[in-house]
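# A structural walkthrough
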Amino acid sequence: MIQLAWRQFRAQAVVAFGLLAAIAVALAVTGPQLVHLYDASVVPCAANNDCAAAEAVLTGRFRLLQGLGTVLVIVPGLAGVFWGAPLLARELETGTYKLTWTQSVTRKRWLGVKLALVGLSSIAVAGLLSLMLTWWSSPIDRVNDDPFGLFDERGIVPLGYAAFAFALGVAAGMLLRRTVPAMVTTLAVFAGVRTAIDVWVRPRLLATSQVISKLQMPAGNGAGNVTPPGPGDWVISDLTVDGTGKVIGQDGTVDFGGGRYGIGISVSDGRASVPGAGACPNKFPAGSLFHGANAGPPPGMSQAVQECYARLDIRQVLTYQPTSHYWPLQWYELAIFTGLALVLAGATFVWLRRRFA
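Residues numbered from 1 in each chain as written. Predicted model: local features only at pLDDT ≥ 70, side-chain atom pairs only at ≥ 80, totals over all residues. Heavy atoms only, no water.

## Thoughts on the overall build of the protein
- Across its full length, the protein holds 12 helices and 10 strands.
- Looking at the protein as a whole, 43% of its 357 residues are labelled buried.
- Across the protein, every contact between residues at least 6 apart in sequence was considered, and the portion connecting residues at least 24 apart equals 76%.
- Surface exposure of the protein reaches about 17700 Å², of which carbon and sulfur atoms provide 63%. (Helix = DSSP H or I, 4+ residues; strand = E, 2+ residues; numbered from the N terminus. Buried < 20%, exposed > 50% of the residue type's maximum accessible area, 1.4 Å probe, protein only. Contact = heavy atoms within 4.5 Å. Areas by Shrake-Rupley, 256 points an atom, 1.4 Å probe, with all protein chains shown as cover.)

Following this line, the structure appears as C-alpha cells:
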C-alpha cells in the first residue's frame, strides 16, 4: 500500500521538493551577502549617523526573494486544496478505491497510509520553507523590528497551517466525494478559519498589556505621543477616552478637522468643544483655525487644545502584546491548528467506517 501511495503521489512530490531545493540554493547563496551587508553598514550606522540610508539599502536587496514570505502564507492552503482535497475525493468519485480494498488492504490502512505520506509531505514543505525564510530574513527582520507583522511567515506556525489545511481537504473530500467541490470548500473554510484566528483569537490568546497616558498635543495635527514600551510590540488597539472611560476616538489622533478616527476640535467665537467629551472649559485664540491650507494651528492654539484635554481628562489607552509573547503565541497557535487537524483526521476515519460499513 505504501508503494502504491508513493506512485500516486511521486510526481507531485518531485515537483514540490524540487522547487524547495531551488529556493534553498538561492537563499544559501544570497543569505551570507545579507549578513555581511548588515554587519558592514547597519551595525555601525549609528556612529556614522546614516542609519536610514543603510537600512533602506539592506531592505531593498533581493526583493524577489523577500516576496517568498507571501508565498509561504498561501503554501499551506495550496497543499490542502491540491493535495488534501483530491486525495480521497478523486478515488471516491471514480470508484478506484474498490480495487484497492479487494487487494487485502483494509480501509483504515488505505486511509492511514495516504494521510501519513501526503500529510507529512505537506507539513515538511511548509516547515522547511519557513525555516529557510526565517534564517535568511533575520537581518532584514532585525531592521524592520516588527515580528508580529510577519507572524504568519516565520517560525513554527506554518507547520500547523499545513497540517490543518491538508486534514481539512481530506475531510472535505470524504464528505463531498467530488474533487472540485471539495477543493472549493477547502479553500473557503481554510481562509475563513485563518481570518478568524488572526482577527479574534490570536490577540486574546495571552493577556495584553496597557499604557494609559494623558493625551498630548503635538506641535501640529498628528498622532498622540503614546508608544508601546518596547520595540516590536504588537499594538492591538489605540483608543482615546474621556474622563468617564467612554471611547471618543481611535489611534490617539488629534484632528482639528474632525476626521474619521480623530478627535474633532470645533472652535467658534473663542470657545471650543470636543465631540463626545463636551465643551472645553478654557478660552481659545480668536480668529480662524488655520492661517492657510498648509499652515499649522494659529499661535496659542496648541496650548489651548492641550489645556482643554487636561481639564476634560482625555486620555490615550494603548493595548498591546509585548514582544516577549511572540514565541508563546507561536506555540499556542501551532497547538490550535494541530489540534484541529487531528480532530479532522479522526473524523475522517469515523466517516470512512460509517459510510462504507
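More follows now that the structure is in view.
## Regarding the packing of helix H9 (residues 157-176) against helix H10 (residues 179-201)
- Relative orientation of the contacting elements H9 and H10 amounts to 140°, with a least axis distance of 9 Å. Judged on the interaxial angle alone, H10 and H9 are oblique. The handedness of the crossing between H9 and H10 is right-handed. Contacts from Tyr161, Phe164, Ala165, Leu168, Gly169, Ala172, Gly173 and Leu176 of H9 reach H10 at Pro181, Ala182, Thr185, Thr186, Val189, Phe190, Val193 and Arg194.
- Of the residues assigned to the contact of H9 with H10, the class counts are 11 nonpolar, four polar and one charged. (Axes fitted to C-alpha atoms, helices over the stretch in contact; angles between N-to-C directions. Parallel < 35°, antiparallel > 145°, perpendicular 65-115°, else oblique. Left-handed = near helix turned anticlockwise from the far one by under 90°. Nonpolar A, V, L, I, M, F, W, Y, C, P; charged D, E, K, R; others polar.)

## Looking at the pattern of salt bridges
- Considering all chains together, one arrives at 10 salt bridges under this definition.
- Glu333 is paired through a salt bridge with Arg202; the nearest N and O atoms lie 2.8 Å apart. Taken together, the residues span a long stretch of sequence, with Glu333 in helix H12 (residues 326-355) and Arg202 in the loop between H10 and strand E1 (209-214) at a distance of 131 residues. Here Glu333 and Arg202 have matching classes, each one buried.
- For Lys214, the salt bridge identified is with Asp313, shortest N-O distance 2.3 Å. Taken together, the residues span a long stretch of sequence, with Lys214 in strand E1 and Asp313 in the loop between helix H11 (301-311) and strand E10 (315-321) at a distance of 99 residues.
- One network of salt bridges, in which partners are shared, links Asp152, Arg194, Asp198, Arg202 and Glu333. (Salt bridge = Lys/Arg side-chain N within 4 Å of Asp/Glu carboxyl O.)

## Quick look at H10
- In this model, H10 (23 residues) spans 31 Å end to end at C-alpha, consistent with the 33 Å of a helix rising 1.5 Å per residue.
- If you check which residues of H10 are buried, you get Thr179, Ala182, Met183, Thr186, Phe190, Arg194 and Ile197.
- Among the structural elements, helix H5 (68-94), H9 and H12 are those in contact with the buried residues of H10. (Expected span 1.5 Å × (residues − 1).)

## Focus on the sheet that holds strand E3 (residues 234-241)
- Strand order in the open sheet formed by four strands is E1-E10-E3-E4, with antiparallel pairing between adjacent strands. The open sheet terminates on both sides in strands that have one partner only, identified here as E1 and strand E4 (247-250). Each neighbouring strand pair of the sheet contributes to a mean axis angle of 25°, computed without reference to strand direction.
- Here seven bridges tie E3 to E10, and the two strands are oriented antiparallel to one another. Looking at the pairing, Asp238 lines up with Leu318 of E10. (Pairing = 2+ DSSP bridges.)

## Examining a nonpolar patch on the surface
- A contiguous nonpolar surface patch, about 350 Å² in accessible area, is contributed by Val71, Ile74, Leu78 and Phe82.
- By secondary structure assignment, the location of Ile74 is in helix H5.
- For Ile74, a relative accessible area of 47% corresponds to the partly exposed category. (Patch = residues over 30% accessible without salt bridge, like charges linked within 9 Å, V, L, I, M, F, W, Y side chains within 5 Å.)

## Side note on the confidence of the model for the protein
- Confidence along the protein averages 85 in pLDDT terms, with 85% of residues attaining 70 or more.
- For the stretch residues 219-223, pLDDT sits under 50, and the model shows 12 contacts to residues farther than four places along the chain or on other chains.
- Here residues 257-262 is a poorly scored stretch, pLDDT under 50, and it has eight contacts once near neighbours within four places are set aside; other chains count. (pLDDT = per-residue confidence, 0-100.)

## Details of the nonpolar core
- Leu27, Leu58, Leu88, Trp110, Leu111, Leu129 and Val170 are the most contacted members of the largest nonpolar core, which totals 38 residues.
- Ranked by size, the runner-up nonpolar core spans 19 residues in total, among them Phe164, Phe190, Trp234 and Leu344. (Core = buried A, V, L, I, M, F, W, Y, C linked by side-chain atoms within 4.5 Å.)

## Some remarks on the state of the cysteines
- All chains considered together, the criterion is met by two disulfides.
- Paired through a disulfide, Cys45 and Cys51 show a sulfur-sulfur distance of 2.0 Å. Disulfide Cys45 to Cys51: torsion about the S-S bond roughly 85°, handedness right-handed.
- The class of Cys45 is buried, set by a relative accessible area of 4%.
- In the protein, the cysteines engaged in disulfides, taken in order along the sequence, are linked 1-2, 3-4. (Disulfide = S-S within 2.5 Å.)

## Examining the side chain of His325
- Mapping His325 onto the fold places it in the loop between E10 and H12.
- Residue class for His325 comes out buried when judged on its relative accessible area of 19%.

## Observations regarding the packing of aromatic side chains
- Considering all chains together, one arrives at 10 aromatic pairs under this definition.
- With a centroid separation of 5.6 Å and 70° between ring planes, the pair formed by Phe148 and Tyr326 is classed as edge-to-face. With Phe148 in the loop between helix H8 (138-144) and H9 and Tyr326 in helix H12, this residue pair connects regions lying 178 residues apart in the sequence. Across this residue pair, the class does not change: Phe148 and Tyr326 are buried.
- Centre to centre, the rings of Tyr161 and Phe337 are 4.9 Å apart; their planes meet at 90°, and the pair counts as edge-to-face. A residue pair is termed long-range when its members are at least 10 positions apart, and Tyr161 in helix H9 and Phe337 in helix H12 qualify at 176 residues. Grouping residues by exposure puts Tyr161 and Phe337 together as buried.
- An aromatic cluster is built from Phe148, Phe151, Trp234, Tyr326 and Trp327, whose rings are joined through pairwise contacts.
- For the cation-ring pair, Arg142 lies above Tyr38, with the distance from its terminal atom to the ring centre recorded as 4.4 Å.
- Over the aromatic face of Tyr161 sits the side chain of Arg194, whose NZ or CZ is 3.8 Å from the ring centroid. (Phe/Tyr/Trp six-rings, centres within 6.5 Å; stacked < 30°, edge-to-face > 60°. Lys NZ or Arg CZ within 6 Å of the ring centre and 35° of its normal.)

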